Amino acid sequence: MLAIAASLTSMVAGYTEGGHAELAGLHGRARAMRETALQLADEDAEASKAFGAAFRLSPGPEREDAIHRASVDAAKASAVLGERAIEAIDDLGWLAAHGNPALIADVVVAFGALRAAIAGARTNVSFDLSSLTSAGADLEQVREKHPHLWETVERLSDALDRIDELTASVDEKAAPTTA
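First, a word on scope: everything that follows refers to the structure included in this document. Being a predicted model, the structure only gives us computed values, none of them experimental. (Residues numbered from 1 in each chain as written. Predicted model: local features only at pLDDT ≥ 70, side-chain atom pairs only at ≥ 80, totals over all residues. Heavy atoms only, no water.)

### Notes on the layout of surface pockets
No. 1: Quantified by volume, the largest pocket comes out at close to 180 Å³.
No. 2: Lining the largest pocket are 14 residues, and of these Met-1, Leu-2, Ala-41, Leu-81 and Ala-117 sit closest to its centre.
No. 3: Broken down by element, the residue count for the lining of the largest pocket peaks at 5 residues, all from helix α5 (residues 104-131). (1 Å grid on protein atoms, 1.4 Å probe; cavity = no way out; pocket = protein on both sides within 12 Å on 5 of 7 lines; lining within 4 Å. Points joined across faces, edges and corners; volume = space filled by probe spheres on them. Helix = DSSP H or I, 4+ residues; strand = E, 2+ residues; numbered from the N terminus.)

As structure tokens, then:
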């Protein structure tokens, strides 16, 4: 979803005219984000495989250790993807305000894809952290042991709210419902 958002961002930037210094940097960041997104998705898939494999082990200390390691690694992979997705919000916001108005629907679709990427990352980080309770820890202990990951969930939630606000601010232009 992050790659789709980045591709649409790149497309809208490419069709936006003007000598804005911001535009050239935005276009370059979107192209780089598309490539990074694909790499991050592969890394997330590898972490997910290890997570699944840990749960297939026979019950015992080895399984609990493997679940713990895999949960933290999976949470970290999803957190990195989510943090990178957050970086794209400002560029899409700029395009919503200054981009080619004929492509505002593409900006809204890009916001939707970006929202899906961030929501997925938030859900995965949260789930992976909560799976640490299977070894007997409670959520407060998980929060204390992994504060950065816990804070990432909050940042991802805030990012979803920001995307919703930005999308709502241009939705009438993209999908008019009044005459």
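### A short note on the packing of helix α4 (residues 89-98) against α5
No. 1: Packing of α4 against α5 brings their axes to within 10 Å, and their N-to-C directions diverge by 160°. Classified by the angle their axes make, α4 and α5 are roughly antiparallel. Here α4 and α5 pass one another in a crossing that is left-handed. Across the interface between the two elements, Ile-89, Leu-92, Gly-93, Leu-95 and Ala-96 from α4 touch Ile-104, Val-107, Ala-110, Phe-111, Leu-114 and Ile-118 from α5.
No. 2: When its residues are assigned to classes, the contact of α4 with α5 shows 10 nonpolar, 1 polar and no charged. (Axes fitted to C-alpha atoms, helices over the stretch in contact; angles between N-to-C directions. Parallel < 35°, antiparallel > 145°, perpendicular 65-115°, else oblique. Left-handed = near helix turned anticlockwise from the far one by under 90°. Contact = heavy atoms within 4.5 Å. Nonpolar A, V, L, I, M, F, W, Y, C, P; charged D, E, K, R; others polar.)

### Focus on helix α2 (residues 21-55)
No. 1: Its 35 residues place the ends of α2 50 Å apart at the C-alpha level, agreeing with the 51 Å of an ideal helix rising 1.5 Å per residue.
No. 2: Among the residues of α2, Leu-23, Leu-26, Ala-30, Met-33, Thr-36, Ala-37, Leu-40, Asp-44, Ala-47, Phe-51 and Ala-54 are the ones counted as buried.
No. 3: Next to the buried residues of α2 lie α1 (2-14), α3 (61-87), α4 and α5. (Expected span 1.5 Å × (residues − 1). Buried < 20%, exposed > 50% of the residue type's maximum accessible area, 1.4 Å probe, protein only.)

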